[in-house]
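Close look at the chain arrangement
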Amino acid sequence: MTLRLKGTLDGQTARLLRSSLDALGTTREVEVDFTHLREFRDSAVGVLTTGLVDRKVRMRGLDRHQQRMFRYFGLSLGETTPSNAYYRPEEVLA
């Protein structure tokens, strides 16, 4: 199952995402796609990490700073390749 996020991810929306992940249980393989977020606040990382440490969740669309923040909170993301986490101006104007 893939959860595609849009808009802003802050502490409050991270709590909602965490409760959604908890409702799915630990047996389901889940991918969280951050690619289309306009804003990703660092406060969301701490909220999400506590719910992700014991789960097998793949994350896509994180930039290097966000990957580093998750590692600071003890969540190993494995080998990830950086992707375009946000729209570039030329993509919007095309």
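Since the model is a prediction, treat every value here as computed from it, not as a measurement. (Residues numbered from 1 in each chain as written. Predicted model: local features only at pLDDT ≥ 70, side-chain atom pairs only at ≥ 80, totals over all residues. Heavy atoms only, no water.)

Quick word on helix α3 (residues 64-72)
What sets the pattern is the α-helix's 3.6 residues per turn: residues three or four places apart point alike. The criterion, for reference: Relative accessible area decides the class of each residue, using a 1.4 Å probe on protein chains only: under 20% of the type maximum gives buried, over 50% gives exposed, and in between gives partly exposed. The numbering of helices and of strands both runs from the N terminus, where a helix is a DSSP run of H or I of at least 4 residues and a strand a run of E of at least 2. Our arc is simply the arc of the directions from the helix axis toward the C-beta atoms. Polar contacts, as used here, are pairs of N or O atoms within 3.5 Å; protein pairs need one atom able to donate a hydrogen and one able to accept it. Residues neighboring in sequence count only if both atoms are side-chain atoms.
Along α3, the positions that sit buried rather than exposed are Q66, Q67, M69 and F70. For α3, the angular spread of the buried residues around the axis is 160°, confining them to a single face. Projecting away from the buried face of α3 at angles above 90 degrees are the exposed residues R64 and Y72. Backbone nitrogen of H65 and a side-chain oxygen of the N-cap are separated by 3.2 Å at the start of α3; the cap is D63. One or two positions beyond α3, positive phi appears at G74, with a value near 90°.

Things to note about the environment of T49
Counted only if it meets this: Residues count as neighbours in contact if any of their non-hydrogen atoms are within 4.5 Å of one another.
Among the secondary structure elements, T49 is positioned in helix α2 (residues 43-52). Spatially, the C-alpha atoms of T49 and F73 are 6.6 Å apart, while their sequence positions differ by 24 residues. Contact partners of T49, with chain neighbours within four places excluded, come to F70, F73 and L75. One polar contact links the side chain of T49 to the main-chain carbonyl oxygen of V45, over a distance of 2.6 Å.

Regarding the packing of aromatic side chains
Which entries qualify depends on this criterion: When two rings of Phe, Tyr or Trp (its six-membered ring) have centres within 6.5 Å they constitute a pair, described as stacked for plane angles under 30 degrees, edge-to-face for angles over 60, and tilted for the intermediate range.
As enumerated under the stated definition, the model contains two aromatic pairs in all. Ring plane angle 55° and centroid distance 5.4 Å describe the contact between F34 and F40, whose orientation is recorded as tilted. In this structure F40 comes out as buried when scored by relative accessible area, which is 9%. The interplanar angle of 80° and the centroid separation of 6.4 Å between the aromatic rings of F40 and F70 together place this pair among those described as edge-to-face. With F40 in strand β2 (residues 30-40) and F70 in helix α3, the pair connects residues that are 30 residues apart, well separated along the chain. Ring pairing ties together the aromatic residues F34, F40 and F70, which thus form one cluster.

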